[in-house]
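Residue-level listing of the chains:
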Amino acid sequence: MAVVNTQYKPNFTPQEREECFKWFERHMDELPQTMQSIRSLRIMNLPRTVRRMIDVLRKRMTDDHTFSGEFSILLLIRQALIAEGSVKED
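Residues numbered from 1 in each chain as written. Predicted model: local features only at pLDDT ≥ 70, side-chain atom pairs only at ≥ 80, totals over all residues. Heavy atoms only, no water.

Colleague: Before we move on, could you go through the overall build of the protein and cite the residues and values that matter?
Modeller: Within the protein, the secondary structure is distributed over three helices and two strands. Taken from N to C terminus, the helices and strands of the protein fall in the order α-β-β-α-α. Split into buried and exposed, the 90 residues of the protein put 37% on the buried side. Summarising the internal contacts of the protein: among those between residues at least 6 apart in sequence, 69% fall at separations of at least 24. (Helix = DSSP H or I, 4+ residues; strand = E, 2+ residues; numbered from the N terminus. Buried < 20%, exposed > 50% of the residue type's maximum accessible area, 1.4 Å probe, protein only. Contact = heavy atoms within 4.5 Å.)

Colleague: Please set out the pattern of salt bridges residue by residue, giving values where relevant.
Modeller: All chains considered together, the criterion is met by seven salt bridges. The residue Arg58 makes a salt bridge to Glu25 at a minimum N-O spacing of 2.6 Å. Of the two residues, Arg58 sits in helix H2 (residues 46–60) while Glu25 sits in helix H1 (residues 14–27), which places them 33 residues apart along the sequence. Through salt bridges with shared partners, a single network forms among Glu18, Lys22, Glu25 and Arg58. (Salt bridge = Lys/Arg side-chain N within 4 Å of Asp/Glu carboxyl O.)

Colleague: Pulling in residues and values, what's your account of unusual backbone geometry?
Modeller: Unusually for a residue other than glycine, Asn45 sits at a positive phi of about 50°. Looking at the element boundaries, Asn45 is found in the loop between strand S2 (41–43) and H2. According to the relative accessible area criterion, Asn45 is partly exposed, its value standing at 30%.

Colleague: With reference to specific residues and values, describe the nonpolar core.
Modeller: Counting residues in each nonpolar core, the largest one holds 23 residues, and the members touching the most others are Phe24, Leu31, Leu46, Val50, Phe71, Leu74 and Leu81. Put simply, the parts of the chain that give this core at least two residues each are H1, H2 and helix H3 (68–84). Counting residues per element, this core draws most heavily on H3, at six residues. Contacts of Phe24, omitting those with residues within four sequence positions, involve Leu31, Val50, Ile54, Leu74, Ile77, Arg78 and Leu81. (Core = buried A, V, L, I, M, F, W, Y, C linked by side-chain atoms within 4.5 Å.)

Colleague: Give a detailed account of the confidence of the model for the protein, specifying residues and quantitative values.
Modeller: Caution applies to low-pLDDT regions: their predicted coordinates should not be interpreted in detail. Put simply, the protein has an average pLDDT of 86, and 89% of its residues get 70 or more. Considering each helix and strand of the protein separately, the mean pLDDT is smallest for strand S1 (residues 35–38), with a value of 75, and largest for H1, with 95. (pLDDT = per-residue confidence, 0-100.)

Colleague: I'd like a rundown of the side chain of Arg78, residues and numbers included.
Modeller: Looking at where Arg78 falls in the secondary structure, it is placed in helix H3. Assessed through its relative accessible area of 15%, Arg78 is described here as buried. A distance of 3.0 Å separates the side chain of Arg78 from the side chain of Glu19, its partner in a polar contact. (Polar contact = N/O pair within 3.5 Å; in protein donor to acceptor, adjacent residues only side chain to side chain.)

Colleague: Now, about H3: what can you tell me, with residues and values included?
Modeller: Along its 17 residues, H3 runs 24 Å from first to last C-alpha, staying within 8% of the 24 Å computed at 1.5 Å per residue. Looking at H3, one finds that the buried residues are Ser68, Phe71, Ser72, Leu74, Leu75, Leu76, Ile77, Arg78, Ala80 and Leu81. Phi turns positive one or two residues past the end of H3, at Gly85, with a value near 80°. (Expected span 1.5 Å × (residues − 1).)

Now the structure itself:
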């Protein structure tokens, strides 16, 4: 299933970021070990990758919008997980 990244925007609010981070934290035990539904990208050890992305983004994205692209990838991963039924949406 091809998923298009319609999630990107130049700026995300602190509320948007925290909501996404908390969603992943609530569903961390449901994440599959690998994921290959984002175009040709294959993510090995998805839980570890997501934890690391959240850790980096929480520290660096506070006042720096340089990381908006990376954050949009988290949103894209969440969208794909919900679409494929791996994780149920809240």
